[in-house]
Amino acid sequence: MDYCFTMVGKMIDTKHFKDMLKERNIPLDMVNTTIALPDRIEEKDDGTIHYLKYFDNQMRRWLRVVVNMKSQPPRRITAFFDRRLRKK
């Protein structure tokens, strides 16, 4: 099992999470920045927290990182560029 340490403590990276980073070409440092310095945080009823960060470099995209906070330690579930969001 892979562990990482973030501003919210130790987290586990699920296989799905790692697969999605590779498939979607999302650098791990972008994920860590999103969790450490989010522009938005959404707490969901299912026990997940969605960390969102706008990357204004050439990408101009929102990265969404979903973390299951009910598990101990928390698990990073998935990450994706959220096309539903636009920078205002």
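Residues numbered from 1 in each chain as written. Predicted model: local features only at pLDDT ≥ 70, side-chain atom pairs only at ≥ 80, totals over all residues. Heavy atoms only, no water.

### As for the pairing of strand β6 (residues 75-81)
Where strand β5 (residues 61-68) lies against β6, six bridges are found, and the strand directions are antiparallel. Note on β6: the bridge partner recorded for Val-67 is Arg-76. (Pairing = 2+ DSSP bridges. Helix = DSSP H or I, 4+ residues; strand = E, 2+ residues; numbered from the N terminus.)

### A look at the nonpolar core
Within the largest apolar cluster, 15 residues are counted, with the highest numbers of intra-cluster contacts made by Ile-26, Val-31, Ile-35, Leu-63, Val-65 and Ala-79. Among the secondary structure elements, those contributing two or more residues to this core are α1 (15-24), α2 (28-36), β4 (48-55), β5 and β6. The contact partners of Ala-79, leaving out residues within four places of it in the chain, are Phe-17, Met-20, Leu-21, Arg-24, Ile-26, Val-31, Leu-63, Arg-64 and Val-65. (Core = buried A, V, L, I, M, F, W, Y, C linked by side-chain atoms within 4.5 Å. Buried < 20%, exposed > 50% of the residue type's maximum accessible area, 1.4 Å probe, protein only. Contact = heavy atoms within 4.5 Å.)

### Quick look at the environment of Glu-43
The topology assignment puts Glu-43 in strand β3 (residues 40-43). For Glu-43, a relative accessible area of 67% corresponds to the exposed category. Between the C-alpha atoms of Glu-43 and Met-69, which are 26 residues apart in sequence, the distance is 9.8 Å. With sequence-adjacent residues up to four places away left out, Glu-43 is seen in contact with Thr-48 and Ile-49.

### What about the packing of aromatic side chains?
Geometrically, a pair of aromatic rings is defined through the distance of the ring centres and the angle of the planes. Per the stated rule, a full pass over the model turns up one aromatic pair. Centroid distance Tyr-54 to Trp-62: 5.4 Å. Interplanar angle 55 degrees. Geometry classified as tilted. The same class applies to Tyr-54 as to Trp-62, namely buried. Lying across the ring of Trp-62, Arg-40 places its NZ or CZ 4.6 Å from the centre. Just above the ring of Phe-81 sits the side chain of Arg-61; from NZ or CZ to the centre is 4.2 Å. (Phe/Tyr/Trp six-rings, centres within 6.5 Å; stacked < 30°, edge-to-face > 60°. Lys NZ or Arg CZ within 6 Å of the ring centre and 35° of its normal.)

### Let's talk about the side chain of Asp-82
Turning to its location among the elements, Asp-82 is positioned in the segment after β6. When its relative accessible area of 4% is taken as the criterion, Asp-82 is described as buried. Within the local environment of Asp-82, its side chain forms a polar contact with the side chain of Arg-84, the two groups lying 2.9 Å apart. What Asp-82 contacts, discounting residues up to four positions off in sequence, is Trp-62 and Arg-64. (Polar contact = N/O pair within 3.5 Å; in protein donor to acceptor, adjacent residues only side chain to side chain.)

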